[in-house]
Amino acid sequence: QFPLGRRLPCDIYWHGVSFHDNNIFSGQVNKFPGMMETVRKITLSRAMRTMQDLFPLEYNFYPRSWILPEELSLFVDEVRTTKDSNPSWKPTFIVKPDGGCQGDGIYLIKDPSDIRLTGSLQSRPAVVQEYICKPLLVDKLKFDIRLYVLLKSLEPLEIYIAKDGLSRFCTEPYQEPTLKNLHQVFMHLTNYSLNIHSGNFIHSDSVNTGSKRTFSSILCRLSSKGADVKKLWSDIISLVIKTIIALTPELKVYYQSDIPAGKPGPTCFQILGFDILLMKNLKPMLLEVNANPSMRIEHEQELSPGVFENVPSPVDEEVKVAVIRDTLRLVDPQKKKRKDTHLSFHTYLLIFPTQLQSLHAGGAGMKDKQHKHHSLKLSLKLKFYLKLGLCQSLKQVPEASEELPDAPRSPEAALPSLCLKQVFPKYARQFSHLCLVDRVAALFIRFLGVKGTTKLGPTGFRTFIRNCKLSNSNFSMAAVDILYIDITRRWNSMGIEKESGMCLQAFVEAFFCLARKKFKSLPLNEQVLSLVEFCEGHLAALPGKRLLWGCG
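First things first, this report covers the structure right here in the doc. What you are looking at is a predicted structure, and each value in this text was computed from that prediction instead of being measured.

## Topic: the packing of aromatic side chains
What the rule picks out here adds up to 18 aromatic pairs. On the basis of an interplanar angle of 80 degrees and a centroid distance of 6.1 Å, the ring pair of Trp66 and Phe93 is categorised as edge-to-face. On the criterion of sequence distance, the pair formed by Trp66 in strand β3 (residues 65-68) and Phe93 in strand β4 (residues 93-97) is long-range, its members being 27 residues apart. Given the relative accessible area of 2%, Trp66 is considered buried. Phe93 gets classed as buried once you look at its relative accessible area, which sits at 0%. A ring pair is formed by Tyr192 and Phe201, whose centres lie 5.6 Å apart and whose planes are at 70 degrees; its orientation type is edge-to-face. Owing to a relative accessible area of 25%, Tyr192 belongs among the partly exposed residues under this scheme. Among the aromatic residues, ring-to-ring pairing joins Phe444, Phe447, Phe461, Phe464, Tyr484, Phe507 and Phe511 into one connected group. Seen from the ring of Tyr192, Lys212 lies directly overhead, with NZ or CZ sitting 3.8 Å from the centre. Above the face of the Phe169 ring, Arg213 is positioned so that its terminal group lies 4.2 Å from the ring centre.

Written out as structure tokens, the structure is:
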């Protein structure tokens, strides 16, 4: 563990929070640059809306969303229009602060006028979504699913999904929202960090009962009642792949900015937490994506008023240890280099403590309990190493000095089969048509011009237009400049970033506008595809693939 920064080079570097914790110039790091920004509620909603515009039927797993404050009037108008055309429609909406986590600041409303404007939405923007009123219930309780997804590589895209996840339950029997129960968070919000404070929360030593269970236990229960569990898993896999396809364009812009081509830098991988809600008809709906999911394998237990002790959580241990162990097996840099499977254990030591110190039980703040807690800490740590398959026998147990055991000679033989299942590129053919925005982002990156930037300047935009032969008598370069200024000014006024220039989302909007102008009679996705192919064709025909820079 290196709290003040890395001292030694290593193969794998495990960050506690984000990619920018420290400068890294080689090896692999467990975070992608820009991931935290990309999965924030507003950015995620924008990315999903873009895909819903292109492929409405393919992306109907994400609730209809509006961004506050910029779309408040649009939200009010759309709700009023829908109510006028369908008087029986009585919706509920959920408001989520953009930077909120663990249920902080989330509340339900029945009407747009109920949005809390105090504290200024400008200082704390939010997303408002249609609330899913008919979720699947188990034991009369609402629950969500936390699935762990490994994004092993961005280019080429490689995605793995854990075969098991967590089911996190509300602690009060569910009723459809009414004005009387809107504020009952233990009924409507599945966040573990909220429900843990409920008097009805049940800690269980079984993975099949309690307020937190394994997802596999829910699947077994559904299967016993005749549900098509295979189709459900297929739908979940589709949801995950489509979501990551929607996120990759933005991630690639951040990646080329932080690790420009030709500059020394690490490769990246990342474990993501997908929060999914099952509807009554077993349709999975995406709630959000967490860039830094908790890897704690213990929970707090109150010994006496105000005094808590950390005790192991069998459910968390069952799922999370396997996810981390198999992530390391998949990214192990020595696997390709060696003929025998000798594990470089010291490399892994540099990985764990920063992020996984929460895996080890801490003290309860009582001096007479210190020895007990230290023993518990070592016990949990040993249990974790054994779970990972990194200790061969009890002779290799870390002593009080916590020195580490020698590595087993053939660790792979002693480990269980992988809990992470590859879903991409395995199923790439089924989803390749959805990568349209990815191709638009490739054009955007190509014309950025300056390494390390994420914004396209006016010269770069004009160069894009000129090289792709998009200007003509009906669309002059003066009109190009007006388009650039109008769209860029509006996006910059939203306060997305302080850096001037055209961000990727603004470029995508401009590109869609150009596609509509040029291919008027086609549906939007075909318009965009036609323009992408048109641009790629002209760029491929450039002599020596040389870009023609300049305004003149």
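After presenting the structure, the write-up continues.
## Some words on helix α14 (residues 436-446)
Within α14, burial applies to Leu436, Val437, Asp438, Val440, Ala441, Leu443 and Phe444. Against the buried residues of α14 lie α2 (41-54), α7 (229-258), α15 (458-467), α17 (504-518) and α18 (524-540).

## A short note on the sheet that holds strand β1 (residues 12-13)
Paired through backbone hydrogen bonds, the strands of a sheet run either parallel or antiparallel to each other. Pairing is parallel across the open sheet formed by three strands, whose spatial order is β1-β2-β12. Where the open sheet ends on each side, the last strands, each with one partner, are β1 and β12 (267-268). When strand β2 (residues 28-29) meets β12, the two strands line up parallel, connected through two bridges. Considered in β12, the bridge of Gln28 is made with Thr267.

## What to know about the environment of Asp438
Looking at where Asp438 falls in the secondary structure, it is placed in helix α14. For Asp438 and Ile245, which are 193 residues apart along the polypeptide, the C-alpha to C-alpha distance reads 7.8 Å. Those residues in contact with Asp438 that lie beyond four places of it in its chain are Thr248, Pro249 and Lys252.

## Topic: α18
At 3.6 residues per turn, the α-helix brings residues three or four places apart onto the same side. Relative to the 24 Å expected for 17 residues at 1.5 Å per residue, α18 spans 24 Å between its end C-alpha atoms, a close match to the ideal helical length. Among all positions in α18, only Leu524, Gln527, Val528, Leu531, Val532, Cys535 and Leu539 are buried. All buried residues of α18 project into a common sector of 130 degrees when viewed along the axis, lining one side. At its buried positions, α18 is contacted by α2, α14, α15 and α17.

## Considerations on the nonpolar core
Phe215, Phe274, Phe461, Phe464, Phe511 and Val528 are the most contacted members of the largest nonpolar core, which totals 101 residues. Among the elements that make up this core, the one with the highest residue count is α7 (14 residues). Residues from two domains meet in this core; each of domain 1 (35-247 + 268-296) and domain 2 (435-541) gives at least three. Once residues within four sequence positions are removed from consideration, Phe274 is found in contact with Ile145, Arg146, Leu147, Val149, Leu239, Val240, Thr243, Ile244, Leu286, Glu288 and Val289. The next biggest cluster of nonpolar side chains, apart from the first, holds 20 residues, and it includes Leu166, Phe269, Ile271 and Val319.

## Notes on the pattern of salt bridges
Taken as a whole, this structure holds 27 salt bridges when the rule is applied. Its salt-bridge partner being Arg40, residue Asp98 comes within 3.0 Å of it at the nearest N-O pair. In this pair, Asp98 is assigned in the loop between β4 and β5 (107-109) and Arg40 in the loop between α1 (35-38) and α2, connecting sequence segments 58 residues apart. Judged by relative accessible area, Arg40 falls into the partly exposed class, the value being 37%.

## A short note on unusual backbone geometry
Backbone torsion omega between Glu155 and Pro156 reads 5 degrees, so that peptide bond is classified as cis. Examined against the element boundaries, Pro156 turns out to sit in the loop between β8 (141-153) and β9 (158-162). For the bond from Phe424 to Pro425, the omega torsion is 20 degrees, close enough to zero to count as cis. For Pro425, the position within the fold is in the loop between β17 (420-424) and α13 (428-431).

About the criteria used
- Residues numbered from 1 in each chain as written.
- Predicted model: local features only at pLDDT ≥ 70, side-chain atom pairs only at ≥ 80, totals over all residues.
- Heavy atoms only, no water.
- Phe/Tyr/Trp six-rings, centres within 6.5 Å; stacked < 30°, edge-to-face > 60°.
- Helix = DSSP H or I, 4+ residues; strand = E, 2+ residues; numbered from the N terminus.
- Buried < 20%, exposed > 50% of the residue type's maximum accessible area, 1.4 Å probe, protein only.
- Lys NZ or Arg CZ within 6 Å of the ring centre and 35° of its normal.
- Contact = heavy atoms within 4.5 Å.
- Pairing = 2+ DSSP bridges.
- Expected span 1.5 Å × (residues − 1).
- Arc of directions from axis to C-beta.
- Core = buried A, V, L, I, M, F, W, Y, C linked by side-chain atoms within 4.5 Å.
- Domains from an automatic or database assignment.
- Salt bridge = Lys/Arg side-chain N within 4 Å of Asp/Glu carboxyl O.

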